[in-house]
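Coordinates in review
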Protein chains: 2
Amino acid sequence: MTPNENIKALRQMMQSQGWDAIVISGTDPHSSEYLPARWQARKFVSGFTGSYGTVVVTHDHAGLWTDSRYFIQATAQLEGTGIELHKLRVPEAVDYPEWLAETLNDNTTVALDGLCMPLATVRHMQGLFAPKGIKVVSCPDLIDALWSDRPSLPDAPAFELGVEYTGRSRADKLDWLRTAIESKGCGSILLSSLDEIAWMLNIRSRDIAHTPVIISYLWVGSDSAVLYAEEGKFNEDLRKALEADGVSLAPYSSIVESIAEWNCDKPIYIDGGMLNYALYEQVQARFGEAVVDATSPVKLEKALKNATEIEGFRSAYRKDGVAQTRFFRWLEQAMERGERITEIDAANKLISIRKEMDGYIDESFAPISAYGKNAALPHYSATPEQCSVLEPRGLYLLDSGAHYVDGSTDITRTIPLGPLTEDEAADYTCVLQGMIALSLASFPRGTRGANLDVLARMPLWKYNRNYGHGTGHGVGHVLCVHEGPQDFRQNLYDQAIMPGMVTSCEPGMYCEGYYGIRHENMLLCYEDEVNEYGDWLAFMTLTCTYIDTTPLVEEILTDEEKMFIDSYNMSVYETLLPDLTPEEAAWLKTKTIDRLFEVEEEL
Amino acid sequence: MTPNENIKALRQMMQSQGWDAIVISGTDPHSSEYLPARWQARKFVSGFTGSYGTVVVTHDHAGLWTDSRYFIQATAQLEGTGIELHKLRVPEAVDYPEWLAETLNDNTTVALDGLCMPLATVRHMQGLFAPKGIKVVSCPDLIDALWSDRPSLPDAPAFELGVEYTGRSRADKLDWLRTAIESKGCGSILLSSLDEIAWMLNIRSRDIAHTPVIISYLWVGSDSAVLYAEEGKFNEDLRKALEADGVSLAPYSSIVESIAEWNCDKPIYIDGGMLNYALYEQVQARFGEAVVDATSPVKLEKALKNATEIEGFRSAYRKDGVAQTRFFRWLEQAMERGERITEIDAANKLISIRKEMDGYIDESFAPISAYGKNAALPHYSATPEQCSVLEPRGLYLLDSGAHYVDGSTDITRTIPLGPLTEDEAADYTCVLQGMIALSLASFPRGTRGANLDVLARMPLWKYNRNYGHGTGHGVGHVLCVHEGPQDFRQNLYDQAIMPGMVTSCEPGMYCEGYYGIRHENMLLCYEDEVNEYGDWLAFMTLTCTYIDTTPLVEEILTDEEKMFIDSYNMSVYETLLPDLTPEEAAWLKTKTIDRLFEVEEEL
C-alpha cells in the first residue's frame, strides 16, 4: 500500500471507531532505537526510513515529526504522500503532543498503539490534553488491520554470553537486582528494555540488526523470575541454565494475560520511561497503587563496566585496530593503483575484514562511509543507487563498529585521500584538538557530561564553528551501541560521569557542500586519585587505531597536544604489532613512528 | 541578651503560643543578601555573624544551619550557647525543613516570621510537612517581643541616578514592565526585591551598607504605580520627578493594609521566590486564584546592561585601576621601607584612595584583605583584634570593590610580597590560566554558565586541585555586587549567558594552613558574529588593573596565554596612563610594559 492509501485507511478506521487522531510512534514495545521489521510501522505508513519520527493523522491533516538529521531525507521521501513535515529541534518547534492539544477540539479522542508508546509519553499527552477533555485510547497493534504482510516476530536463536566475557554471573546479577528493588520497598520488577534483559541474564541473540538482544520481557520476583520470549529460540542447554538460576520461560505475548497472576504482595517496580503503556495498564489493574515508577536500576549498573568487560573492550579495540590498519592500507594502495572504489565498496571491504577477526558477531551499526561533501551530512547513508566514488583529494570519513563476543566498538576516522584545502586542514586539526582536550580531562566525582562537553567544542568555538550533535554517548557491552545513562552534550542532564563508564568522544565539523570531519575515540572513565580536593577521575582511551597526522596544522597545536598524538600513535603501533604481518607493520610504522612530533617534555 | 537567654525566651513564647518550633530566617522582607541591622535577627538570637544561616529552636533542640564557608566561624561563635551547628553543602547534609519534617511529631506547629521568609520556602516546607499534618504559622515580626533595642528602619536619603548613568528613563522602564506583565495576562505586578525596585525607578539610597538600594516595595498597575518607602527619604524634587512618571509614595508599612485596596481586575504578577510569605497572604486574600507566580521579568532585563551602563562600568574600572595602581605602589614602597602594615591597614588604605576617586559612593562589599594562610579562607574577614601583619614573603590577596555613580566594581588581585614556594608559583599560574581560558571563550547563544565553568577549572583539575566556590556571579549596576540570574558554576542552572551581562571570573586555589590565591576580572558578554554555525558571543574584560607576572611559571603557559597577559597588561598601562602621575606611570611600567613575554604571533 502507498502512504496515501495508508492515510486513507487510517481515516476510515478513525471514522468507524469514533477517533479524531491516530498517533503512529516510531518505536517498538521496548522503546528500542533500532527495530525489527515487525514494528517499523512509521516506515510502513509513511515511507519515511529515518530512525526517528512520529506520524500523526487527523481527519484533515497528516504529519511527520522528525529532527534536523532528517529534514532533507524526509522532504524527499514524503513528496506526494500528502504527509507534511513538522520540524523538531528548531526554534519555535511544536512537538506533536502540543500540536494535538492545540489543534483538536474539546472532548475528542486520540488513538495510539499502547504497546508502542512508553507510559511517560502517554502521561505527558494526558497532561496536555486534560484541559480540553481530549481522551487517549490505547489500541494495541492497531496497525495490524491494514498491514497485511506485516513481518512476524524475529526468530533468531538465543545464546549465552558466558561469565568469561560478562565478568558477572546471572545469579549474582539477579541477587543484586533483588536487593536494589527491595531498597525501594518493592518485591518484584518488570523489565522491558531489551539491553537490560540481555545484560541481566547474560544472553544475546540476533533478533535486531546490529543490536544483539532478544525480543522479550523479564519479570523478577523475590524467588522466581520469568523470561517472556519465543521459546523456540532457546536450546535445551540454555533453557536448563536459565532454570538453574530460577528463570523460567513463557511465550512472549503471554505476558499480557500473565500479569494478573503475578504472585507478590509487595509493590512492583517499573520504569515508566521505558515500559509500554499497554503493559502498564495491566500492571495497574493487578497492583493498583502499589507501583513504584522510577528509572530502572539496571540502567546505571549496566553502564559501570567491570574489569572483565573492560578487558573485553580492549581486546575488541585491538581487533578493530588490526582490521582498520588492514583496511586503510588496502584503501591507500588501491587508490594508488587507480582502482574505482565507491563509498559502499569501502564500507563492504572493512566489514569483510572485520568478519575475519576472532569472535566477530555483527557490525554494531550500519557504517557511515562518506566521501567529500557527503560527509557533511553527519548521518549520511550511501546506497548502491546513490553513492560517490573516492577521488585522490579531500577527506574520507568512516564511522563504523562491530560487536565481538568480548566487546563492542564504535570508531570514526577521517583520512586525507590526497591534497586538502586550508579549511579542511584547519578544521581537521581543531576537531582533533577537541577530542584530545576531552580525553585529557581530569575531574572530580560528580562532574556531568554537560560540564565537560565544552572541552571538545572550544577549539572550534574559538573560530565560531561548531557541530550540531552531541559529543559522545555511552556504549553497551555487546549490546546497544548507543547506551545511557551518561553522555557528553550541552543539555543540562544530571548524570555524573563515573568510573567504569565507556563513552565515545566524537567531535566533528561539517561544511555543507564541501566536506565533513569527525574523529571518534572511546573513553573509559577510571578513578585516578583521592585527595583533599576531591575524588579525581580521568579517561583512558580504548580505541587503538592510528590518527593520520598528515593534515595537521602544526602551528595551532600546543606541545601538550603534540605529545598526546605522539604517545597515542606510538602505543597503537606497539599494541598492534604482534597481530600484523610484516608488511602491515611496516606500513603502520610510516603512519605512526615515522611521523612523530617529538616534542621535548618540559612539564 | 545572650543567646542562651534568647533561646529561653523563644521557648517561653512557644509555650504560651502553643508552637513546637520557631524558625529564625537569615533574611529580610526583601530576600536581601546584605541586611540592615533591623533584620539581623539571626545574629541577634545566636551571636553568629556569618552572612548565611537559619536558626531553628524546638523544645529540646536549638540549631544553626549554615554552609562550609562558615563552619569554623560558627563553631567558635556558637560555643557555650547551646546552639548546635548543622552543616550544609556536605555529603548527607539535612537542611532544616527536612530536619523539622523528620524530627517533629504529627500535628505540631512551626512558627516563623512570614515577613522574613519567601513564599517559595514556606511552600517547600508545607509540602514536606503535609504528610505529618505539621502546620506553619506566620507571625510577622515575632522577634520584636524579645528584641527590646531592635534598630528601626534605616532613614538614609534617596537620590536619583540620572539617565546619564542608567541609560534608560524611568518612564521607559515602566512602559517595558507593563508590556512584559501584560504578555502574561497580568494587569499589575508587586516587586519586593530592592535592587529591582531601585533599577526600575532609577533611584538609590544608602539604607544598607555596600548596597545602594532603598527599603521599599513597588506596585505597578496599568496606569499608576505606588512606591512603599519611608517618605522622609525623598526630597521635594525627587518626589515630583516620581509623580511626573505616575509613581506615588506611600509609607513603607502601609503596604500590608493597602493590598486589599489595589484596583485591578486582571491577575497580579508576583515572584514567589522573592516575595515574602506575609505579603503573599494579603495578595492571595485580595486576588484569590488570579495570581501569576513566576520569576520577575526585571531580574533578567536588569542583568542585560545597556550601552550607557557598560560605559559606566568601564569608567568605574578605570578609576579602580588608578586607585589600585596607587595602592599597590604604596604597599610595595611601604614594605620596602620596612613599615608595619596589617591586613586592616592595607584594606583601609585602599578604601581611602578609592574615596578620592570621582563619583565614589561606597565600597561594594567589605574587602577581603588576607595575607598568607589567612587567604586560604575564601571569605576571610580580618578584625582589629585578629589580623596578620604583612611580611616580605608569600602571597597577599585583596578582594574589594566600589560603587561609583557610573558603575560598580569587584576585583581580586593576589600579589607576591617576596619569595614564593614552588607550589605558590605553580598554583598562581594555574589559577591565572583558568581566568584566561574563560575570558577567551567564544560560544553560541544559549550556552549556560554550567557549560563554560570547566574552562576556568581545568588548569587546576589537571593537577587534581580545585576551588570550593563558584567561578563567577553577575554584578549589578550601582546595585548588588552579587546579582542574578546568570553565574559560572558547576550546578546545572538553565540560564544562558547573554550579551550585556557583566559577570565575574574568579577562580582560586586555597591551600589550608599555607596560602590562598584568587584572580578576578569582570567579563562583559557581547555579540561577536552571526554565521551558519550560530550566533556567537564572547567576553570583553572590563577590569583594568595589572596582573603581576613575577610569580608565573613560564613553562606551563601556552603562547596564547602569554599573548593574553601581554596584551592585557599593555592595555592596562595605556588606558590608565592619562590619569597617573609620572611616578605612578613609571612604576606601573615596571609591572607591565617592562615585563612582557613578547611571543611572536603565529596564529
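What counts, and at which threshold
- Residues numbered from 1 in each chain as written.
- Chains lettered and ligands numbered in written order.
- Predicted model: local features only at pLDDT ≥ 70, side-chain atom pairs only at ≥ 80, totals over all residues.
- Helix = DSSP H or I, 4+ residues; strand = E, 2+ residues; numbered from the N terminus.
- Domains from an automatic or database assignment.
- Contact = placed C-beta atoms within 7 Å.
- Nonpolar A, V, L, I, M, F, W, Y, C, P; charged D, E, K, R; others polar.
- Buried ≥ 20, exposed ≤ 12 C-beta atoms within 10 Å, placed from the backbone.
- Pairing = 2+ DSSP bridges.
- Right-handed = clockwise from strand over helix to strand, strands pointing away.
- Core = buried A, V, L, I, M, F, W, Y, C linked by C-beta atoms within 7 Å.
- Least-squares fit on C-alpha atoms with pLDDT ≥ 70 in both.
- Axes fitted to C-alpha atoms, helices over the stretch in contact; angles between N-to-C directions.
- Parallel < 35°, antiparallel > 145°, perpendicular 65-115°, else oblique.
- Left-handed = near helix turned anticlockwise from the far one by under 90°.

Here we come to the environment of serine 152 of chain B. With respect to the element layout, serine 152 of chain B can be found in the loop between strand 6 (135-138) and strand 7 (159-160). Considered as a pair, serine 152 of chain B and alanine 37 of chain B are 115 residues apart in the sequence and their alpha carbons are 8.2 Å apart.

Where interface size is quoted, it is often the accessible area lost as the parts come together. Residue and element names in this part refer to chain A. The assigned domain composition of chain A is domain 1 (3-145), domain 2 (159-303) and domain 3 (307-595). A separation of 29 Å is found between the C-alpha centroids of domain 1 and domain 2. Of the residues lining the interface, 17 residues belong to domain 1; the matching set on domain 2 comes to 18 residues. Looking at the side of domain 1 that touches domain 2 element by element, the count peaks at three residues for helix 5 (residues 119-129). Here the side of domain 1 that touches domain 2 is composed, by residue class, of 12 nonpolar, five polar and no charged.

Residue and element names in this part refer to chain B. Of all five residues in strand 3 (residues 62-66), four are buried, a share of seventy percent or more. In this structure, strand 3 lies alongside strand 4 (residues 84-87), joined through four bridges in parallel fashion. Within strand 4, the position partnered with leucine 64 by the bridge is leucine 85. Handedness of the crossover is the feature at issue here: the chain leaves strand 3, passes through helix 3 (residues 71-78), returns alongside strand 4, and the resulting connection is right-handed.

Right, let's talk about the interface of chain B and chain A for a bit. Opposite the 32 residues of chain B that make contact, chain A presents 32 residues. Among the secondary structure elements, those contributing two or more residues to the side of chain B that touches chain A are strand 21 (442-444), helix 16 (449-461), strand 27 (521-531) and strand 28 (534-541) of chain B. For the side of chain B that touches chain A, the residue count by class is 14 nonpolar, nine polar and nine charged.

Turning next to the nonpolar core. Formed by 327 residues in total, the largest nonpolar core has its most connected members in Leu455 of chain A together with Leu455 of chain B. With sequence-adjacent residues up to four places away left out, leucine 455 of chain B is seen in contact with Val454 and Met458 of chain A together with Ala437, Leu438 and Ala441 of chain B.

Each copy superposes on the other: chain B lies on chain A with an RMSD of 0.1 Å after a rotation of 180° and an axial shift of 0.0 Å. Between the two chains, the operation in question is that of a two-fold axis. Interface overlap between copies: 100% of the residues of chain B at the interface are likewise at the interface in chain A, consistent with a symmetric, same-surface contact.

Residue and element names in this part refer to chain A. For the pair helix 4 (residues 96-103) and helix 5, interaxial distance at closest approach is 9 Å and the crossing angle is 25°. In terms of orientation, helix 4 lies roughly parallel with respect to helix 5. The interaxial crossing formed by helix 4 with helix 5 has right-handed handedness. From helix 4, Pro97, Glu98 and Ala101 reach across to helix 5, where they touch His124, Met125, Leu128 and Phe129. Taken together, the residues of the contact of helix 4 with helix 5 break down into five nonpolar, one polar and one charged.

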